[in-house]
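Tertiary structure, described
Spelled out from the first residue to the last, the chains are:
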Amino acid sequence: MLPSAFLRVSSRRLPLHAVQRAGARRMSSSPREPSRHAQFYTEFAAGMIPVAILGSTVYLGLRTWQQYLAHERFLEEAQARVQELETEVTALRQQLQNGAQDSTPGIGRSGEKKSGWWPW
């Protein structure tokens, strides 16, 4: 049970619409036409939902396609760079092998004077 303090009626009178229950209010009121704003939103909002869905779908499709093409371009550029570096590595290995074959192991370079600013 509620304490008697909650059950006391205030000295201030409430308006009739605040006292009536929502169901009783709806039953007693006469059917009236909806407001112009409600009519506007019921007519046009229903038509805008498919447009919004279609626009979102097209946007997301184009965005996904753009990301796919950007990724493809990145992969092509990376593959070209890898090929370029592999060619450079092959050329350097051949140069290293040719340099090792040209020098004879019996003759050393100790007799040649090194160029540089250090005296030894």
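It should be noted that the structure appears before, not after, this text.
A few points on the structure. (Residues numbered from 1 in each chain as written. Predicted model: local features only at pLDDT ≥ 70, side-chain atom pairs only at ≥ 80, totals over all residues. Heavy atoms only, no water.)

With respect to the overall build of the protein
Rules: Helix numbers and strand numbers start at the N terminus; a helix is a DSSP run of H or I with at least 4 residues, a strand a run of E with at least 2. Using a 1.4 Å probe on the protein chains alone, a residue whose accessible area is under 20% of its type maximum counts as buried, one over 50% counts as exposed, and one in between counts as partly exposed. Method for areas: the Shrake-Rupley scheme with a 1.4 Å probe, in which residue coverage is limited to the protein chains shown.
Along the backbone of the protein there are four helices and zero strands. Each helix and strand of the protein, ordered N terminal to C terminal, gives the series α-α-α-α. Burial analysis of the protein (120 residues in total) assigns 0% to the buried set. Here the protein has roughly 12,600 Å² of accessible surface; of this, 61% comes from carbon and sulfur atoms.

Some words on a nonpolar patch on the surface
How we decide: Any residue with relative accessible area above 30% and no salt bridge may belong to a patch, with like charges joined within 9 Å and the nonpolar Val, Leu, Ile, Met, Phe, Trp and Tyr side chains within 5 Å. Any carboxyl oxygen of Asp or Glu within 4 Å of a side-chain nitrogen of Lys or Arg constitutes a salt bridge here.
There is a patch of nonpolar side chains on the surface, built from L54, V58, L62, W65, Y68 and L69 and spanning about 660 Å² of accessible area. Within the element layout of this structure, L54 appears in helix α4 (residues 36-102). When its relative accessible area of 56% is taken as the criterion, L54 is described as exposed.

So, the packing of aromatic side chains
Rules: Here the aromatic set is Phe, Tyr and Trp, taking the six-membered ring for Trp, and pairing holds for ring centres within 6.5 Å; pairs whose planes are under 30 degrees apart are stacked, those over 60 apart are edge-to-face, and all others are tilted.
For the coordinates displayed, the defined rule picks out two aromatic pairs. Between F40 and Y41, the aromatic rings sit 5.2 Å apart at their centres with planes inclined by 75°, giving edge-to-face as the arrangement. What makes Y41 exposed here is its relative accessible area of 54%. For the pair F40 and F44, a centre-to-centre distance of 5.0 Å together with 50° between the ring planes defines the contact as tilted.

Considering the pattern of salt bridges
In total, this model carries one salt bridge according to the counting rule given. R81 serves as the salt-bridge partner of E84, at 2.9 Å between the closest nitrogen and oxygen. Of the two residues, E84 and R81 are both situated in helix α4; the distance of three residues between them amounts to about one turn of the helix. The class for E84 is partly exposed, based on a relative accessible area of 46%.

Overview of α4
Each full turn of the α-helix corresponds to 3.6 residues, which orients residues three or four apart in the same direction. To keep things clear, this is the line we draw: Between the first and last residue of a helix there are one fewer steps than residues, each counted as 1.5 Å, and that sum is the expected span. We define the bend at any residue as the angle between the axes fitted to the seven residues before and including it, ending there, and the seven starting there.
With 67 residues, α4 ought to run about 99 Å at 1.5 Å a step, and its terminal C-alpha atoms sit 97 Å apart, in line with that. Of all bends in α4, the biggest is about 30°, found at A45.

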